Amino acid sequence: MSDQPPTDDVTGPPEDARPGDTWSLDPPSRAGSSFPAPSEGTLPISMAEVTEGGEASPAAPRRGLKIAGIALATVLVLAGAAGAAGFMLLRGSGEAILDKIPASADVVVTANLDPAAGQKMNLLRMASKFPALGGQDGLQQRLNETLDDLLRDVGMTHEDVRWVGSEVGLYVDVKSAQETSYAALIATDDEDAAAASLQKFRAGLESQGASFHVSDHDGVEITVSTTPEHPAFAIVDGVVVLGSDEGAVSAVIDTAHGGPAIADDPAFQRVSGALPQSRLGIAFVNTGQLLGTFGDVVGAAGLTTGVTSLDALDGAGISVSAESDGLALDTVMMYDDTKLSDVQRQTLSAADHPNQLIDLIPDDAFGMYAVEHLDAAITDQVDRISSSDPHADEEFKRLGLTGPGGLLSQLTGDVAAAASPEAGPIPVGGVLMFGTKDPDATSKWLDTTLQSLPLGAGGASCSFEGTCQVTRETVGWATEEHSGIQVTYASGAALPVAYAVIGDVAVLGSSRSQVEHVIDVQRGEGAISGDPRFTSATASVPTDDGVLYLDVPAIVAVVRGEFPPAEAASFDNQVGEALKPIEAVVAGTKNEPDLQRTRLFIRIP
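Please read all numbers here as calculations on a predicted model, not as lab measurements. (Residues numbered from 1 in each chain as written. Predicted model: local features only at pLDDT ≥ 70, side-chain atom pairs only at ≥ 80, totals over all residues. Heavy atoms only, no water.)

### Observations concerning a negative patch on the surface
- Taken together, the side chains of Asp-189, Asp-190, Glu-191, Asp-192 and Asp-237 define an acidic patch exposed on the protein surface.
- When you line up the elements, Glu-191 lands in helix 5 (residues 191-206). (Patch = residues over 30% accessible without salt bridge, like charges linked within 9 Å, V, L, I, M, F, W, Y side chains within 5 Å. Areas by Shrake-Rupley, 256 points an atom, 1.4 Å probe, with all protein chains shown as cover. Salt bridge = Lys/Arg side-chain N within 4 Å of Asp/Glu carboxyl O. Lys, Arg positive; Asp, Glu negative; His and termini not counted. Charge placed at Lys NZ, Arg CZ, Asp CG, Glu CD. Helix = DSSP H or I, 4+ residues; strand = E, 2+ residues; numbered from the N terminus.)

### Structural notes on the packing of aromatic side chains
- Taken as a whole and judged by the stated rule, the model has six aromatic pairs.
- Both rings, one in Phe-534 and one in Tyr-549, keep their centres 5.0 Å apart while their planes meet at 80°; by these two values the pair is edge-to-face. Here Phe-534 is found in helix 15 (residues 532-538), whereas its partner Tyr-549 is found in strand 20 (residues 546-551), with 15 residues between them in sequence.
- Phe-534 sits in the buried class, given a relative accessible area of 0%.
- In this structure an aromatic cluster arises from ring pairing among Phe-201, Phe-212 and Phe-233. (Phe/Tyr/Trp six-rings, centres within 6.5 Å; stacked < 30°, edge-to-face > 60°. Buried < 20%, exposed > 50% of the residue type's maximum accessible area, 1.4 Å probe, protein only.)

### Side note on the packing of helix 10 (residues 374-388) against helix 11 (residues 390-398)
- For the pair helix 10 and helix 11, interaxial distance at closest approach is 5 Å and the crossing angle is 130°. Taken together, the axes of helix 10 and helix 11 lie oblique to each other. The interaxial crossing formed by helix 10 with helix 11 has left-handed handedness. Residues Val-382, Ile-385, Ser-386 and Ser-388 of helix 10 lie in contact with helix 11, whose contacting residues are Pro-390, Ala-392, Asp-393 and Phe-396.
- For the contact of helix 10 with helix 11, the residue count by class is five nonpolar, two polar and one charged. (Axes fitted to C-alpha atoms, helices over the stretch in contact; angles between N-to-C directions. Parallel < 35°, antiparallel > 145°, perpendicular 65-115°, else oblique. Left-handed = near helix turned anticlockwise from the far one by under 90°. Contact = heavy atoms within 4.5 Å. Nonpolar A, V, L, I, M, F, W, Y, C, P; charged D, E, K, R; others polar.)

### Quick word on the environment of Val-343
- Its place among the elements puts Val-343 in helix 9 (residues 342-349).
- On a C-alpha basis, the gap between Val-343 and Thr-379 in space is 8.8 Å, while along the polypeptide they are 36 residues apart.
- Apart from the residues lying within four places of it in its own chain, the contact partners of Val-343 are Ala-376 and Asp-380.

### A few points about unusual backbone geometry
- Located in the positive-phi region is Asp-218, a residue other than glycine, with phi close to 50°.
- Relative to the helices and strands, Asp-218 is located in the loop between strand 4 (212-217) and strand 5 (220-225).
- For Asp-237, which is not glycine, the phi torsion reads 50° and is therefore positive.
- Following the sequence through the fold, Asp-237 ends up in the loop between strand 6 (232-236) and strand 7 (239-243).

### Looking at the packing of helix 9 against helix 10
- For the pair helix 9 and helix 10, interaxial distance at closest approach is 9 Å and the crossing angle is 160°. In terms of their interaxial angle, helix 9 and helix 10 are classed as roughly antiparallel. When the axes of helix 9 and helix 10 are compared, the crossing they make is left-handed. Within the contact between the two elements, helix 9 uses Val-343, Gln-344, Gln-346 and Thr-347 and helix 10 uses Ala-376, Ala-377, Asp-380 and Arg-384.
- In terms of residue class, the contact of helix 9 with helix 10 is built from three nonpolar, three polar and two charged.

In structure tokens:
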């Protein structure tokens, strides 16, 4: 793991990038590197940590004091991120704690409180977009108040944690289903101040009846509680360690003194190397090790990642970074090729192509989701279910999903869904679209399956003898032509669904008007793929294998419209203003032969 400061190199999409185009998040490979380093860009993990740390409420008095010791480290993320003077130096610092976290750790989270200059400037710019935050001074005041509330029980204030350095972290080591150890690590530039703060922390706990003793481990003093209700702690080479027990702290000391570190672990290096290198924080889960502990449970549960079974996952990571126009969260899932099925390899390695269904989504859609290569993944999951459950297999065949000529054999793998305005008591409607290799067969499947669904309004009638009978109104189906396309719809149904096959695309809508709107787009009306807001937002994420888009202002307007005037004004003050700077939330996915990348981006232009 490099100790060099994070870089601010950014390689964005080409200027003419459009939804469905293929482009990489990665800058050119560094000389001598076997894995290209992704570009800067992403946020939410440290922000999530900040929020959770700031809102954490004290737990029960005695056990809560142990948690307070660990929570102290979490809260300190705020201390550095919200207003520490070092943050404003714009210098950036190298990683300080990864070489002290044991390689046996199953979960690792670190937050860089002194990131590279570009990250800091981007954060400050975005923070200025939210007046309710009160600027840096307002954030600092809230932080101080939060720290004071959390530390009051041990006789401390925010003044006692000014020694926090450039980085904080947490590791969890799941030894078995019954035994887990963990520790928080906090870098410090002032060991004397940190030592004084820890002594004050100990005195505060002792005033409430706690008892400690000091032990020596390889020349380092560890303060150990005589009961499991309070943390053990020590200072190791400029890092404060608060552990769940003496063993958790000793493991850090052993690592700092030359033991195997997570920074040198191949799984960690592989995951970390696939994430942006200029970032605010990173989380890593060694799924390979965890599956060694809980593999039987995971296998029995049949859990999946959406493309593969969970037992094929070798490691997962999340990084957070700030970009010039928003916050981003990058996720990478690494797979063990030896545990992938042929279908799963096919899905991950499938050649990318523009998803033409995006061109059929109306430009007034509030949100949309489109994905490619879904046919193989669905077929694989259905086959797994069918092989383990004969009744499910029979039901799939009865519904015409499997078997000779079944619907699954007709799918191209391209799927899209969208939500758009709707006239009527419910202001939102939607469509589900999927590509088909056999339009005639798919049309027949829709006729047979949808028209057999109980869509009529239901009721119940009971006799004097106490017997009741459920009744349901009969639904009439009608077919009419719209711009040369046959649209079939339920007439008088509680749920007025409609459907049509437009070329090689099947469209299922919540109403006839929703399907007709798609036909109008196919005939030349505005598509979301040509909307500047959509193209600007999705340019920040890969769209090779999947893309999600939420038009935040439009969604807020629809929600607001459901309130009476008095409540709408309150909504504006409490929610509307807070969300006003956010233009869109987007996410994109790219599959590679042995991994999946996903980026969630909150656009704040």
